Structure formats: C-alpha cells, structure tokens
Amino acid sequence: MEPETQMPGPVCLIENTKGQLVVNPEALKILSAITQPLVVVAIVGLCRTGKSYLMNQLAGKNKGFSVGSTVQTHTKGIWMWCVPHPKKSDHTLVLLDTEGLGDVEKGDKNNDTQIFALAILLSSTFVYNTINKIDQRAIDLLYYVTELSDLLRTLSSSDLDEVEDAADFVSFYPDLVWTLRDFYLSLQADGQLITADDYLENSLRPKQDTDQNLQNFNLPRLCIQKFFPIKKCFVFDLPTHQKKLTQLETLNNDELYPDFVRQVTDFCYYIFHYSKTKTLSGGIEVNGPYLESLVLTYVNVISSGDLPCMENSVLALAQTKNLTAVKKAIAHYDQQMGQKVQLPVETLLELLDLHSASEIEAFEVFTKNSFKDVDQRFQKELKTLLKAKQDDLCKQNLEISSDYCSALLQNIFGPLEEDVKRGIYSKPGGHRLFIQKTEELKAKYYQEPRKGIQAEETLQKYLQSKESVSNTILQTDLALTAREKEMEEARIKAEAAKAEAQRLKEIQRQNEQMMQQRERLHQEQVRQMEINRANFLAQQQRDLERRLQEEAAQQKRIRAEIRRLQNELQQLQWVDPPDNICILL
C-alpha cells in the first residue's frame, strides 16, 4: 500500500513567534490529506539535549529536524514530519519535535509549558527527554505540565465532544517514554542490578507515610502514575567524543560509541513496535483531519489566555539566570580542561587534580553569575554536571588510552600474528619460540611513551585474548614433538628390528654353516664308517679266506696224511682197512 504522504523533510506545525503560538496552514493542509490512522510521537526536553537527533532516527534519516551545534537553539515551536510507518503499512507515523525548554534567549517559562502541554495532548507516545538522571525538578515539571494538559483538555472538551470516563481518560493520554541522555549513573539498587524501567518505577514510587512533606513528595508521583499507566525508560550514553558532538548529524554509526548506537536502535525498535495509534474518547482512531482539529482547538484555547502561568516572574528570572550561570560555569570548565588536559594522561590522580582545579574555577563563575539560588538547587545541579563531566573525562581517558594501546599492540604484535597465521610456530619447539617472541614484543610495548592508565590492562586483555592462540601453538608443538618422538622411537625400533633380523640371519647362517659342517662331519663319519666297515668286512673276508685257506690247507694236509697213511697201510698190506680208518676217510 502506497503511503498517503511523502514529506522530504519536516515543516513547522505550530510557530512560536515572540511567545505567541500560531498554527501553520501549510502543515494543516498536509494533515488534512492523510486518511490513515496516525501514530503520533512527540518529544519534549531541555534545549541542547539531542531531541531532534532521536526524531531524525525515527524518520530513518540523519538530517531533517534541525540538530543545532551552537549555544543558540534551532527548533522553534513544534515541527512535524509525517512518514510512512516502518512496521504498520496502513498507518502514518507523525513525528513532533518541540522547542527546547529552558532556552535562555526566550526567558518565558509559560511559553515552554504551553508547548510541553501541546506535545502531551497531541501525541500517542510522549517522549520526555532529560539529562543524566531522573531528579525532583524533572518530576515536578512533568507533574505540573500534566496537570496543565488535563486543564487544557477540560477547557477544550466542549469543542471536542469528549465523554468523561475512566477508560477514555486512560486511552486519551499517551504512553510515556522517559529518555535519559548522557546517563552516567550505575543502574543498581540495594546492591543489585536493575533495568532502566526499574529505575523509572523506583523514582516514581510514592513513600508510605502521612508526613506533609512526604505528601508533597508523593503527589507528583501519584499524578504521573495516574496519567501515564504505560511507561518506558531508556538511558543513553554520550554519543561520541565531546569534540565531535557538533558534527552529530554528519557522523556514521561507526563513528559513534557502540553502546549509544545500540541504545538508539533499541529506542527506535520500541517506538516502531509498541507505540499505539492516537485515539479519542470512544476509541476513535485519529487520522489527519482529526489531528488537524485537535491542533486548532488546543492552540485556540491557549491563545485565549485562560491557562495559568507556571511560576511568578521572580522565580522564572531566578531559574533563567541560574541556568545561564550553570551553563557559563560548565563552559568555563570545558575551556579550562580543554586547555590543560591532553588525553590520555598517565595517572588517574593527574586527571583528578586537573578536574579539581577547573571545578573550583567553575563554581567561582557560577557564584558570580547566579541569582537567588537560595536552596542551592542549581549549585547542586552544577556539582552533578561537573561530576558527570569528571566521569566522562575519566571514561574518555580510559577509552582513548585503551584505543591507543589497542592500536599500538596491533602495530607491535601484528607481524607476530601474521607469522602465526603462516604457521611459522607450528613445529616442534614452536611454543618456546612463540613465548620468547611475545616477551620481546612486550618489552617493546613497555618502552612506548604516553600510553595512559589503560596500558597494563589493555596489554593483559590482549594477551588473554591470545591465550587460545598460545594454547593452540602449545598443543601443536606437543603433538608434533610427540609425533617426532614416535617417529624416532619407530626408527630406533625399526633399526633394532633390522639389526635383530640381521643378527638372527647371521645366527641362522652360522647355524646353517654348523649344520653343513656337522653334515659334512656326519657324511665323513658315515663315509669313514663305511670305509671302516668295508675294511672290516674285507678284513673279515680275508680272515675268513685265510681260515678257509688254512682249513683247506689243513684238510689238504689231513688228506695228504690220510693218503700217506693209506699208502703206509697199503704198504703194510692191510687187506681190509679197519673200520675206523674208513670213517676217518
């Protein structure tokens, strides 16, 4: 769905000329053309507190509503910027930026409260922008203007045909978003961390007592609780270095402090997602023509002169002069510290001494220019602001020292980090070399001058951030060393195994030689035994043959003897030889 209006920039809705509020017809013409329901976000606060910057962020722009960079206020009256709602395609987001309260050039507190009241009555989300903390003065001002807004609403009821009942009363008043700029306090209560919303609720909580002073304390809080049942609180750090604040609308997010960027993002997210549609009694959703009617009605009632003044002229003059005295004192302090301090300083004591000297001079400037600060309210405010300045300087000193030391460490240790990435230290013994190089670079870092009070802490944080790298190198070193040891042990084992194999082979060779020798001896023994056996058998054969020969010879001799005997017998002429001789034969 196409947006109904495309405004390239804001226009003045209600002009403030010499204390007179006049509606701009051109702005009303723009409103009359918008038929979509409106989410109306208005912001009010002291001048020079960054209201316009927040509204530009809600519009999604860095420039639009005038962000002044001098002591002279830029926004006069109430300016309007209608843009497509970033989260509700069928709604239009109307942003109302108001003239800063407490402008010393104006000096009309009644005019301030009129613009304040209009912002409450016209918005569905009312942003109350204050500095540093929630204090009694801010609560009293909101209470008074809330009562004034209710009176203005009552005076306008006949023209708006409103129905007075509790439900309509709650729906009519906007949600309250309290923004605390340049917040320097710790969000703690009773030693416990609390949220910004808790801080707001604690600040608006009545005390349980019947004492008259406590009743005066409780009345504004009860009233605010009644008028704003839905409340939200955001705290914002200083956007950037003080010297860059005059260039805020030209700075990119990366030139701002990260915490401030995150806080602005959270603020915009809440406005876009939780700001309700502007409604009238009976649940009527306000579109352009309805808002146009509201503007005309309220401005007409204010112009009639029926609204009371906020304070009498003496109190107004005292407040104006005392605010001016505070600003002069702060300006003098800033000038002195700007001349004396070159951040980062080496010690906190040096910075505190410079602050104390400039603080004394600032109080002298305030005393010279103040007027009827009988309850020392403005002097206490000055003290608070100077304390905030001191805290901010200490914070800046820490940040500048930290940033410088971080850059110095990166410059000194950068080559080492590159060597680590290239794996120079990923080797056995690499961790010892890494530690040795780290110690050399630490010594070089210590030799650098003007590092400030964060020198040691930044170094330790850096070294802690690199502990994982050191541990990785150590583990790699141990792993590689263990692997190298394993390889050496394996080599030794392999050589031992080879030597053992050679030894066994030699033993085997020797055994084989012994076996061969034994075999040769055995064969020789066998051969010798065979020879001996053959010789033995031959000898036996010879002995046998010899015996046989002997026996044959014996038999031959016997036969010869027999023949001889026979012959002898024959010679004896035995006719018949005896039987025994025949047997013998």
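Since the model is a prediction, treat every value here as computed from it, not as a measurement.

Caption draft 1: Seen up close, the packing of aromatic side chains. Applying the stated criterion to the full structure yields 16 aromatic pairs. Between F126 and Y128, the ring centres sit 6.2 Å apart and the planes meet at 20 degrees, which makes this aromatic pair stacked. Like F126, the residue Y128 is buried in the burial classification. Here the aromatic rings of F413 and Y462 are separated by 5.0 Å at their centres, their planes lie at 50 degrees, and the arrangement is tilted. Of this pair, F413 sits in helix α13 (residues 377–421) while Y462 sits in helix α15 (residues 455–465), and the two are 49 residues apart along the sequence. Summarising the burial analysis for this pair, F413 and Y462 share the class buried. Taken together through their ring pairs, the aromatic side chains of Y53, F234, F236, F260, F267, Y270 and Y274 make up a single cluster. Lying over the aromatic face of F227, K226 brings its terminal NZ or CZ to 6.0 Å of the ring centre.

Caption draft 2: Summary view of the nonpolar core. Counting residues in each nonpolar core, the largest one holds 90 residues, and the members touching the most others are F116, W178 and F267. Not counting residues within four places of it along the chain, the set of residues in contact with F267 comprises L54, L58, V127, V177, T179, F234 and F236. Grouped together as the second largest cluster of nonpolar side chains are 19 residues, L323, A329, M337 and V341 included.

Caption draft 3: Inspection of unusual backbone geometry at higher detail. Look at the link from L343 to P344: it is a cis peptide, with omega at 0 degrees. Checked against the element boundaries, P344 lands in the loop between α11 (313–340) and α12 (348–369). Positive phi outside glycine occurs at N132, with the angle close to 75 degrees. Within the fold, N132 resides in the loop between β6 (125–131) and α4 (136–155).

Caption draft 4: Representation of the confidence of the model for the protein chain. Mean pLDDT over the protein chain works out to 81, with 85% of the residues at or above the 70 mark. In this model residues 161–170 is a low-confidence stretch, pLDDT under 50, and it forms 18 contacts with partners more than four residues away in sequence or in other chains. Taken as a whole, residues 308–314 scores under 50 in pLDDT and shows 14 contacts with residues more than four places along the chain or in a different chain.

Caption draft 5: Highlighting the packing of α13 against helix α14 (residues 430–447). It is the contact of α13 with α14, at a shortest axis distance of 11 Å, that shows an interaxial angle of 155 degrees. Here α14 runs roughly antiparallel to α13, going by the angle between their axes. The two elements α13 and α14 cross, and the hand of that crossing is right-handed. For the pair formed by α13 and α14, the contact residues are C405, L408, L409, I412, F413, L416 and V420 on the first element and F434, K437, T438, L441, K442, K444 and Y445 on the second. Here the residues of the contact of α13 with α14 are counted per class, giving 10 nonpolar, one polar and three charged.

Caption draft 6: Region of interest: the pattern of salt bridges. Applying the stated rule across the entire model yields 19 salt bridges. With its nearest N and O atoms 3.4 Å apart, the salt bridge here joins K466 to E417. Taken together, the residues span a long stretch of sequence, with K466 in the loop between α15 and α16 (467–572) and E417 in helix α13 at a distance of 49 residues. Given the relative accessible area of 17%, E417 is considered buried.

Caption draft 7: Up close: α15. By the burial criterion, the buried members of α15 are A455, T458, L459 and Y462. What you see down the axis of α15 is that its buried residues fit within an arc of 100 degrees, all on one side. Buried residues belonging to α15 abut α13 and α14.

Caption draft 8: Inspection of helix α9 (residues 258–274) at higher detail. Here α9 contains 17 residues, and its C-alpha end-to-end distance of 24 Å stays within 8% of the 24 Å for a straight helix at 1.5 Å per residue. The inward-facing, buried residues of α9 contact β3 (38–45), α2 (51–58), β5 (92–98), β6, β7 (175–181) and β10 (231–235).

The rules behind the values
- Residues numbered from 1 in each chain as written.
- Predicted model: local features only at pLDDT ≥ 70, side-chain atom pairs only at ≥ 80, totals over all residues.
- Heavy atoms only, no water.
- Phe/Tyr/Trp six-rings, centres within 6.5 Å; stacked < 30°, edge-to-face > 60°.
- Buried < 20%, exposed > 50% of the residue type's maximum accessible area, 1.4 Å probe, protein only.
- Helix = DSSP H or I, 4+ residues; strand = E, 2+ residues; numbered from the N terminus.
- Lys NZ or Arg CZ within 6 Å of the ring centre and 35° of its normal.
- Core = buried A, V, L, I, M, F, W, Y, C linked by side-chain atoms within 4.5 Å.
- Contact = heavy atoms within 4.5 Å.
- pLDDT = per-residue confidence, 0-100.
- Axes fitted to C-alpha atoms, helices over the stretch in contact; angles between N-to-C directions.
- Parallel < 35°, antiparallel > 145°, perpendicular 65-115°, else oblique.
- Left-handed = near helix turned anticlockwise from the far one by under 90°.
- Nonpolar A, V, L, I, M, F, W, Y, C, P; charged D, E, K, R; others polar.
- Salt bridge = Lys/Arg side-chain N within 4 Å of Asp/Glu carboxyl O.
- Arc of directions from axis to C-beta.
- Expected span 1.5 Å × (residues − 1).

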